[in-house]
Amino acid sequence: MIRLQPPLPERYTTAAPDDLAERIGAAKAGLGERLMVLGHHYQREEVMRWADCRGDSFGLSRRAADNSTAEYIVFCGVHFMAESADILTGGHQQVILPDLNAGCSMADMADIDQVEEAWEELARVTDVERIVPITYMNSSAALKAFVGRHGGAVCTSSNARAVITWALGRGDQLLFFPDQHLGRNTGYQLGYDESAMAVWDPRREAGGLPEREVKASTFLLWKGHCSVHQRFRPAHIVDFRSTYPAGLVVVHPECAHDVVELADQVGSTDFIINAVDAAPAGAVVGVGTEVHLVQRLAAEHPDKTVVSLDPLICPCSTMFRIDAAHLCWVLEGLAEGDVRNRITVDAETARSARVALERMLEIT
Ligand code: 13P
Ligand code: SF4
């Protein structure tokens, strides 16, 4: 999907950081309770300082679902998160994404046509009534709706284990998209091994899998990944441990399984924050996730050493699109009664997607 963000007027692009901060503060104060700003943990500091609630994608979806008063929800995160917030909030609430180009390359690795096609191909070789589709939160509303229509649920990195356990109680097989790593890591956590898993490649006919493998696999894992987390390699952990033999390694479950295997702990961005909080003063923690969160943790814990496992890690380029200028632009628009960058999901898609999201909220 092409989403186009119009260039901002000069009074935003050339404004000094202090000027933008002052204007954001003034617009926010004027909007008061009518506004709620949500900030995902990967947001940069100039944005995150304005968030009324910070969280991982699960926590923020709950905050959006629980707030029925704010008229405007400005989501400092990426497109799929804003869509989910729109689905979970009331008709009187409007969700805004400060930069329309803040997408997610992983979410773009599975589109609805590919998923529908995969389902038809699976139906030719196995009983799809016994397959439960699970989509990671990092997916478009159309995929969540597909899952809702076919008896499945959404999961996030903080509840994948609970959702997959629920799904295995309802069917014999899972089609898990779009992140193969979260699916595989959770499968291992539940006691399955590689022999129970197969990777479905949407670019190849019948997923590139022989019929017997499709039938024999409990986990059909979509061939998608996060380009940020896939950069972490086992060698990073080996290097970290040789420098800090007593150090603690905590990684996000979007990392590949060979990395997760070597880590001490694995979990969502909220989990990583709690792990660093719980480490004793003087601890050294090597973290495998997006660099803005790692930098924030380092700054908030001056009594501990918090480092990225990959010294050359790049930020999530789409999360990084949200900056103070775009936040100021949407907030000043709201203050003038002009709703910019509203994210909406059509009513039919939203109805089925809500089923899948609410199943997740009930399970966890
Ligand atoms: P969380 O579920 O930890 O918020 O992660 C979302 C995400 O996009 C990680 O890349
Ligand atoms: Fe998507 Fe990865 Fe960025 Fe998360 S870190 S928003 S999965 S590209």
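The preceding data block contains the structure.
Residue positions are counted from 1 within each chain, in the order its sequence is given. Chains and ligands are labelled sequentially in the order written, the chains with letters from A and the ligands with numbers from 1. Under the rules for a predicted model, residues below a pLDDT of 70 receive no local features and side-chain atom pairs below 80 are neither given nor counted, while totals for whole chains, interfaces and linings still include all residues. With hydrogens and water stripped out, all remaining heavy atoms of the structure feed into the side-chain values.

(A) Region of the structure containing the overall build of the chain. For the chain, the count of helices and strands is 16 helices and 13 strands. Overall size of the chain, expressed as C-alpha extent along the three principal axes, is 65 × 55 × 35 Å. Any residue under 20% of the maximum accessible area for its type is buried, any over 50% is exposed, and the rest in between are partly exposed; the area is computed with a 1.4 Å probe on protein chains only. Taking all 364 residues of the chain together, the buried fraction comes to 59%. In short, Shrake-Rupley with a 1.4 Å probe defines the accessible areas, and a residue's cover is counted only from the protein chains shown. Surface accessibility of the chain: about 15,000 Å² in total, with carbon and sulfur atoms responsible for 49%. In this count, Lys and Arg are taken as positive residues and Asp and Glu as negative ones, while His and the chain termini are left out. We put the charge of a Lys on NZ, of an Arg on CZ, of an Asp on CG and of a Glu on CD. Both charge centroids of the chain, one from 33 positive and one from 50 negative side chains, sit 1 Å from each other. Helix and strand definitions follow DSSP, with helices as H or I runs of at least four residues and strands as E runs of at least two, each counted in order from the N terminus.

(B) Examining empty space enclosed by the protein more closely. A 1.4 Å probe that fits but cannot get out identifies a cavity on a 1 Å grid over protein atoms alone, an open set with protein on both sides within 12 Å along at least five of seven lines counts as a pocket, and a residue lines either if it has an atom within 4 Å of a point. Grid points are joined across faces, edges and corners, and a volume is the space filled by probe spheres set on the points. Here the structure, examined in full by the defined rule, presents one cavity of 30 Å³ or more. Estimates place the volume of the largest cavity at around 30 Å³. Every residue lining the largest cavity is listed: Ser 57, Ser 61, Phe 75, Met 81, Ser 84, Ala 85 and Met 137. For the lining of the largest cavity, the secondary structure elements donating two or more residues are helix H4 (57–66) and helix H5 (79–88). If you tally residues by element for the lining of the largest cavity, the top one is H5, at three residues. Each residue gets one label: Ala, Val, Leu, Ile, Met, Phe, Trp, Tyr, Cys and Pro are nonpolar, Asp, Glu, Lys and Arg are charged, and the others, such as Gly, are polar. Class assignment of the residues belonging to the lining of the largest cavity gives a composition of four nonpolar, three polar and no charged.

(C) Molecular detail of the pairing of strand S10 (residues 248–251). In terms of strand pairing, S10 meets strand S12 (residues 284–288) through four bridges, oriented parallel. Bridge pairing in S12 places Val 250 opposite Val 287. A pair of strands is considered paired only if DSSP assigns at least 2 bridges between the two. Relative to strand S11 (residues 265–266), S10 is paired through two bridges, and the arrangement is parallel. Looking at the pairing, Val 250 lines up with Gln 265 of S11.

(D) The arrangement of the pattern of salt bridges in detail. For this analysis, a salt bridge means a side-chain nitrogen from Lys or Arg found within 4 Å of a carboxyl oxygen belonging to Asp or Glu. Using the criterion set out here, one finds 19 salt bridges in the structure. Of the charged contacts in the structure, one is a salt bridge between Asp 52 and Lys 28, with a shortest N-O distance of 2.8 Å. Of the two residues, Asp 52 sits in the loop between helix H3 (45–48) and strand S2 (53–55) while Lys 28 sits in helix H2 (residues 17–31), which places them 24 residues apart along the sequence. The class of Asp 52 is partly exposed, set by a relative accessible area of 41%. When its relative accessible area of 18% is taken as the criterion, Lys 28 is described as buried. Two residues, Arg 340 and Asp 338, come together in a salt bridge whose shortest N-O distance is 3.2 Å. Judged by relative accessible area, which is 13%, Arg 340 ranks as buried.

(E) Fine view of the site of ligand 2. Residues are classed as near a molecule or strand on a simple rule: at least one heavy atom within 4 Å of it. In the vicinity of ligand 2, the contacting residues are Tyr 42, Cys 104, Ser 105, Met 106, Asn 138, Cys 226, Glu 254 and Cys 316. Looking at the shell around ligand 2 residue by residue, the class counts come to five nonpolar, two polar and one charged.

(F) Summary view of the site of ligand 1. Near ligand 1, the surroundings consist of His 40, Tyr 42, Asp 56, Ser 57, Asn 138, Ser 157, His 229, His 252, Glu 254, Ser 268 and Thr 269. We define a polar contact as two N or O atoms separated by no more than 3.5 Å, with the added condition that, inside protein, one atom must be a possible hydrogen donor and the other a possible acceptor, whereas residues neighbouring each other in sequence contribute only through side-chain atom pairs. Between an oxygen atom of ligand 1 and a side-chain N or O atom of Asn 138, the distance comes to 3.1 Å. Within the side chain of Glu 254, a nitrogen or oxygen atom sits 2.9 Å from an oxygen atom of ligand 1. In the shell around ligand 1, the residues fall into one nonpolar, eight polar and two charged.

(G) A look at the environment of Gln 265. For Gln 265, the location among the structural elements is in strand S11. The exposure class of Gln 265 is partly exposed, given its relative accessible area of 28%. As for Gln 265 and Leu 248, which are separated by 17 residues in sequence, their C-alpha atoms are 8.1 Å apart. In this structure, Gln 265 is in contact with Leu 248, Val 249, Val 250, Val 251, Phe 271 and Ala 275, ignoring residues within four places of it in sequence. Residues are treated as being in contact if the distance between any of their heavy atoms lies within 4.5 Å.

(H) Just the packing of aromatic side chains, in detail. A pair of aromatic rings is counted whenever rings of Phe, Tyr or Trp (Trp by its six-membered ring) have centres within 6.5 Å, and the orientation is called stacked for planes under 30 degrees apart, edge-to-face for over 60 and tilted otherwise. For the coordinates displayed, the defined rule picks out five aromatic pairs. Look at Trp 119 and Phe 146: their rings are 5.4 Å apart centre to centre, the planes differ by 85 degrees, and that puts the pair in the edge-to-face class. One end of the pair, Trp 119, is in helix H6 (residues 112–125); the other, Phe 146, is in helix H7 (residues 141–149), and 27 residues separate them in sequence. Accessibility expressed as a relative area gives 0% for Phe 146, which makes it buried. Across the ring face of Tyr 12, the terminal group of Arg 23 is positioned such that the distance to the ring centre comes to 4.9 Å. Consider the ring centre and the ring normal. A charge sits over the ring if Lys NZ or Arg CZ is within 6 Å of that centre and within 35 degrees of that normal.

Fair warning: the whole summary comes from geometry, so function is off the table for now.
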